[in-house]
Amino acid sequence: MSANSVGNTSPTSASAPAATRPPTSASGSGSELIGLIAAAIRRERERAGLSMAELARRAGIAKSTLSQLESGAGNPSVETLWALGVALDVPFSRLVDPPRPVVRVIRAGEGPVTHSERADYAATLLASCPPGARRDIYRIEAQPGETRASDPHMPGTVEHVLLSAGRALAGPADAPVELGPGDYVSYPGDAPHVFRALAAGTLAVIVMEHV
């Protein structure tokens, strides 16, 4: 699911405690992602010039809960992270998105996942939008045959592809990645890139990010 989908899950109450089920990383272990989240919360709190007590008050959580999260000992839920994001005036994604390589692949079932404590619901962040960027979203329908080769777009462009059905090759022209349903890849759109359907009825969502 996309970061935009996460954005539509804003809880009705910001006072949710930390969940008992930890978020998980692409490697399947939650400890790495929890450490990243802990560092992100501390970084954004210090950037905002807030004390731990003040941030906890604004987010509607206990100071002890926030202390646990910043030390990497807590297991934050979607609701808790949303409340902290609102209190810090930053997107949810800034608290959970790990550093990204130039080309990033997330296979179906992988990625940084956070769970709801109120429903059977899991949110996987695929990509966060950098400040000042805009995004255009396209639904792609493709059939096997000729490769769709694209010339470089404007400098700073990044493309994101989430395959919905079928199979495809997508990414840099010299090193495209084979994708199956649920797989995601991002790559520079300001260099030659390709999309080629490998199966009938291939469907994908492409997001073009312009900085």
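Residues numbered from 1 in each chain as written. Predicted model: local features only at pLDDT ≥ 70, side-chain atom pairs only at ≥ 80, totals over all residues. Heavy atoms only, no water.

Another aspect to go through is the pattern of salt bridges. Pairing between side chains of opposite charge can happen when the charged atoms of each approach one another. Applying the stated rule across the entire model yields eleven salt bridges. Of the charged contacts in the structure, one is a salt bridge between arginine 45 and glutamate 70, with a shortest N-O distance of 2.6 Å. With a gap of 25 residues between them, arginine 45 in helix H2 (residues 30-48) and glutamate 70 in helix H4 (residues 63-71) connect regions that are remote in the sequence. The same class applies to arginine 45 as to glutamate 70, namely buried. Arginine 135 is the partner of glutamate 209 in a salt bridge, and the nearest nitrogen-oxygen pair spans 2.5 Å. Note that glutamate 209 is positioned in strand E11 (residues 202-210) and arginine 135 in strand E4 (residues 134-142), a separation of 74 residues in sequence. (Salt bridge = Lys/Arg side-chain N within 4 Å of Asp/Glu carboxyl O. Helix = DSSP H or I, 4+ residues; strand = E, 2+ residues; numbered from the N terminus. Buried < 20%, exposed > 50% of the residue type's maximum accessible area, 1.4 Å probe, protein only.)

A positive phi angle, near 60 degrees, is found at aspartate 89, a position not held by glycine. Within the secondary structure layout, aspartate 89 lies in the loop between helix H5 (78-88) and helix H6 (93-96).

What follows is about H5. Because each turn of an α-helix spans 3.6 residues, side chains separated by three or four positions end up pointing in the same direction. Of all eleven residues that make up H5, ten are buried, and the element is covered over most of its length. Turning to H5, its buried residues number three or more, namely Val78, Glu79, Thr80, Leu81, Trp82, Ala83, Leu84, Gly85, Ala87 and Leu88. Aspartate 89, located one to two residues past H5, shows a positive phi value of around 60 degrees.

Now for the packing of helix H3 (residues 52-59) against H4. At their nearest, the axes of H3 and H4 sit 9 Å apart, and the two run at 110 degrees to each other. With respect to each other, H3 and H4 are oriented roughly perpendicular. Judged by the twist between their axes, the crossing of H3 over H4 is right-handed. Of the residues in H4, those in contact with Met52, Ala53, Leu55 and Ala56 of H3 are Lys63, Leu66, Ser67 and Glu70. Residues belonging to the contact of H3 with H4 are distributed by class as follows: five nonpolar, one polar and two charged. (Axes fitted to C-alpha atoms, helices over the stretch in contact; angles between N-to-C directions. Parallel < 35°, antiparallel > 145°, perpendicular 65-115°, else oblique. Left-handed = near helix turned anticlockwise from the far one by under 90°. Contact = heavy atoms within 4.5 Å. Nonpolar A, V, L, I, M, F, W, Y, C, P; charged D, E, K, R; others polar.)

Another aspect to go through is the nonpolar core. Formed by 23 residues in total, the largest nonpolar core has its most connected members in Ile41, Leu55, Leu66, Leu81, Leu84, Leu95 and Val96. Residue assignment for this core shows that the elements contributing at least two residues are H2, H3, H4, H5 and H6. At seven residues, the largest contribution of residues to this core is made by H5. Leaving out residues up to four positions away in the same chain, valine 96 has contacts with Leu33, Ile37, Leu81, Pro112, Thr114 and Leu125. (Core = buried A, V, L, I, M, F, W, Y, C linked by side-chain atoms within 4.5 Å.)

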